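So you can see what is in the structure, the chains are spelled out below.
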Amino acid sequence: KTVAMYWAWLARMSGEEVLLLNLIFLPLLWWQTILGMFMKKTILLISVICLLFSCELAYETDMEKQEIARVLYAQQDAWNEGDIDTYLKGYIKSDELRFVSRSGVDRGYTVVEAMYKRGYNNPDDMGLLTFELREIKLLGDNYASVIGFYMQEFTDKKERRGRFTLILKKTEKGWKIIQDHTS
């Protein structure tokens, strides 16, 4: 469009004016064309980089969520094998740990460990545990929340159902539960 307007304008001028304008405007037109091509390529390159970066972030997010789910399903498997010690590996071994239930708030790993071992000292008391993870949400780089449901089925056909909300922390040993609210 700009080139057509330029040629229409030139048609109305004298030879000397055309020569003078060619010396001024042709380099400008050439520069505009080069700059336009550069800008298009730059915008395309930036768009591709942004697309690749967002794909990478989505991939990393999915990988973190899968890692968190693996921790929780490993707990489920350990529970179903009657292995409380392996089940407890999903919790952080620290006073930072909080376990909230109907009976109150237990603080610290050793207290939570004692609670589990006291309440479930026999594999028959444990039943078959099933988790249903409804939402895993990353809360920055090192924290995540999980909302889910659990069901325990016992040999006498009784069952216990409930909900849980977990806060996990990414540690050197992987994702660990730092707060468990089960009801």
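Look up: the structure comes first, before these words.
Residues numbered from 1 in each chain as written. Predicted model: local features only at pLDDT ≥ 70, side-chain atom pairs only at ≥ 80, totals over all residues. Heavy atoms only, no water.

1. Things to note about the overall build of the protein chain
Thought 1: Tallying secondary structure elements over the protein chain gives five helices and six strands in all.
Thought 2: Start at the N end of the protein chain and walk to the C end: the helices and strands fall as α-α-α-β-β-α-α-β-β-β-β.
Thought 3: Buried positions account for 30% of the 183 residues belonging to the protein chain.
Thought 4: Considering only residue pairs separated by 6 or more positions, the protein chain has 47% of its internal contacts joining residues 24 or more positions apart. (Helix = DSSP H or I, 4+ residues; strand = E, 2+ residues; numbered from the N terminus. Buried < 20%, exposed > 50% of the residue type's maximum accessible area, 1.4 Å probe, protein only. Contact = heavy atoms within 4.5 Å.)

2. Quick look at helix 4 (residues 109-119)
Three- or four-residue spacings in an α-helix give side chains the same orientation, since the helix completes a turn every 3.6 residues.
Thought 1: Taken together, the buried positions of helix 4 are occupied by Tyr109, Val112, Met115 and Tyr116. One side of helix 4 holds all its buried residues, which, seen down the axis, span an arc of 130 degrees. Facing away from the buried surface of helix 4 by more than 90 degrees, the exposed residues are Thr110 and Arg118. (Arc of directions from axis to C-beta.)

3. Focus: the pattern of salt bridges
Thought 1: Inspection of the entire model under this criterion finds six salt bridges.
Thought 2: Linking Lys117 and Asp85 is a salt bridge whose minimum nitrogen-to-oxygen distance equals 2.7 Å. With Lys117 in helix 4 and Asp85 in helix 3 (residues 84-87), the pair connects residues that are 32 residues apart, well separated along the chain.
Thought 3: Owing to a relative accessible area of 44%, Asp85 belongs among the partly exposed residues under this scheme.
Thought 4: Its salt-bridge partner being Glu159, residue Arg161 comes within 2.7 Å of it at the nearest N-O pair.
Thought 5: The structure contains a network of salt bridges with shared partners spanning Asp85, Glu113 and Lys117. (Salt bridge = Lys/Arg side-chain N within 4 Å of Asp/Glu carboxyl O.)

4. A look at the pairing of strand 2 (residues 104-107)
Thought 1: Pairing of strand 1 (residues 98-101) with strand 2 involves four bridges; the strand directions are antiparallel. Opposite Arg98, over in strand 2, you have Arg107 as the bridge partner. (Pairing = 2+ DSSP bridges.)

5. Comments concerning the pairing of strand 6 (residues 174-182)
Thought 1: Burial of strand 6 is extensive: seven of the nine residues sit out of reach of the surface.
Thought 2: Two successive antiparallel strands, strand 5 (residues 159-171) and strand 6, enclose a turn made up of two residues.

6. Quick notes on the nonpolar core
Thought 1: Of all hydrophobic cores here, the largest spans 32 residues; its most connected members are Tyr87, Tyr91, Tyr116 and Val146.
Thought 2: Put simply, the parts of the chain that give this core at least two residues each are helix 2 (15-80), helix 3, helix 4, strand 3 (128-138), strand 4 (143-153), strand 5 and strand 6.
Thought 3: Of all the elements, helix 2 adds the most residues to this core, at six residues.
Thought 4: Ignoring sequence-local partners within four residues, the contact set of Val146 consists of Ile68, Leu72, Leu133, Glu135, Ile136, Phe164, Thr165, Leu166 and Leu168. (Core = buried A, V, L, I, M, F, W, Y, C linked by side-chain atoms within 4.5 Å.)

7. So, the sheet that holds strand 5
Thought 1: Taking strand neighbours across the sheet as the criterion, the six strands line up as 2-1-6-5-4-3 in an open arrangement whose pairing is mixed. Looking at the sheet topology across the chains shown, the edges are occupied by strand 2 and strand 3. Adjacent strand axes in the sheet meet at a mean angle of 25 degrees when their direction is disregarded.
Thought 2: Pairing of strand 4 with strand 5, which is carried by eleven bridges, proceeds in the antiparallel orientation. Directly across from Glu153, in strand 5, lies its bridge partner Glu159. (Axes fitted to C-alpha atoms, helices over the stretch in contact; angles between N-to-C directions.)

8. Points about the layout of surface pockets
Thought 1: Estimated volume of the largest pocket: approximately 480 Å³.
Thought 2: Surrounding the largest pocket, 23 residues form its lining, Phe99, Tyr116, Tyr120, Tyr150 and Thr182 being those nearest its centre.
Thought 3: Taken together, the elements giving at least two residues each to the lining of the largest pocket come down to helix 2, strand 1, helix 4, strand 3, strand 4, strand 5 and strand 6.
Thought 4: Residue composition of the lining of the largest pocket, grouped by class: 13 nonpolar, seven polar and three charged. (1 Å grid on protein atoms, 1.4 Å probe; cavity = no way out; pocket = protein on both sides within 12 Å on 5 of 7 lines; lining within 4 Å. Points joined across faces, edges and corners; volume = space filled by probe spheres on them. Nonpolar A, V, L, I, M, F, W, Y, C, P; charged D, E, K, R; others polar.)

9. Some thoughts on the side chain of Ser145
Thought 1: Along the chain, Ser145 turns up in strand 4.
Thought 2: Beyond its immediate stretch of four places on either side in the chain, Ser145 contacts Glu135, Ile136, Lys137, Leu139, Leu166 and Ile167.

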